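This is what each chain is made of:
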Amino acid sequence: MKNAKTIFVRLKSMSLPLFALLVSAYFAAHGFNSVTSQKLLEQEIAALEAERQIIKAVREDLELHVDLLSSDHVDPDYLDELARRELGYAHPDEIIISNK
């Protein structure tokens, strides 16, 4: 009888740390900073970094075109290309191939 009482007292004293361990394990698996949440956030970061690189390339291209049309120095070839494309002009001896 004394042996069973000792086991019960030991189990009772271990219940609080065991409960704390189970709660910690639950939140490690399902909480805001859990392993699965971290993986999802890393995937989202990778997707946003790829999108950022695309936007950066587009911005550099637009900055190049703006520089070609700056008020200090207008590139005549680029201005001719824009005028032909927007207005639909062509020289009589040119062949136009549409890529649309």
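One can find the structure itself at the top, above this paragraph.
Residue numbers run consecutively from 1 along every chain, following the written order of its sequence. For a predicted model such as this one, the threshold for reporting local features is a pLDDT of at least 70, and the threshold for listing and counting side-chain atom pairs is 80 or more; totals across whole chains, interfaces and linings nevertheless cover every residue. Based on all heavy atoms of the structure, the side-chain values leave hydrogens and waters out of the count.

A. Looking closely at helix α3 (residues 76-87). Its twelve residues give α3 an end-to-end C-alpha distance of 16 Å, which sits within 8% of 16 Å, the value for a rise of 1.5 Å per residue. Numbered from the N terminus, helices here are DSSP runs of H or I no shorter than four residues, and strands are runs of E no shorter than two. Following α3 by one or two positions, Gly88 adopts a phi angle in the positive range, close to 80°. Residue count minus one, scaled by 1.5 Å, sets the expected span of a helix.

B. A look at the pattern of salt bridges. By convention in these notes, a salt bridge is any Lys or Arg side-chain nitrogen within 4 Å of a carboxyl oxygen on Asp or Glu. Scanning all chains against the criterion turns up three salt bridges. The residue Arg52 makes a salt bridge to Glu49 at a minimum N-O spacing of 3.7 Å. Here Arg52 pairs with Glu49, and both are found in helix α2 (residues 35-68), just three residues apart, close to one helical turn. With a relative accessible area of 46%, Arg52 lands in the partly exposed category. According to the relative accessible area criterion, Glu49 is partly exposed, its value standing at 39%. The partner of Arg84 in a salt bridge is Asp80, and the shortest N-O contact between them spans 3.0 Å. Remark: Asp80 and Arg84 occur in helix α3; sequence separation between them is four residues, near one turn of the helix. Accessibility expressed as a relative area gives 37% for Asp80, which makes it partly exposed. Accessible area is worked out with a 1.4 Å probe on protein chains only. A residue is then buried under 20% of its type maximum, exposed over 50%, and partly exposed in between.

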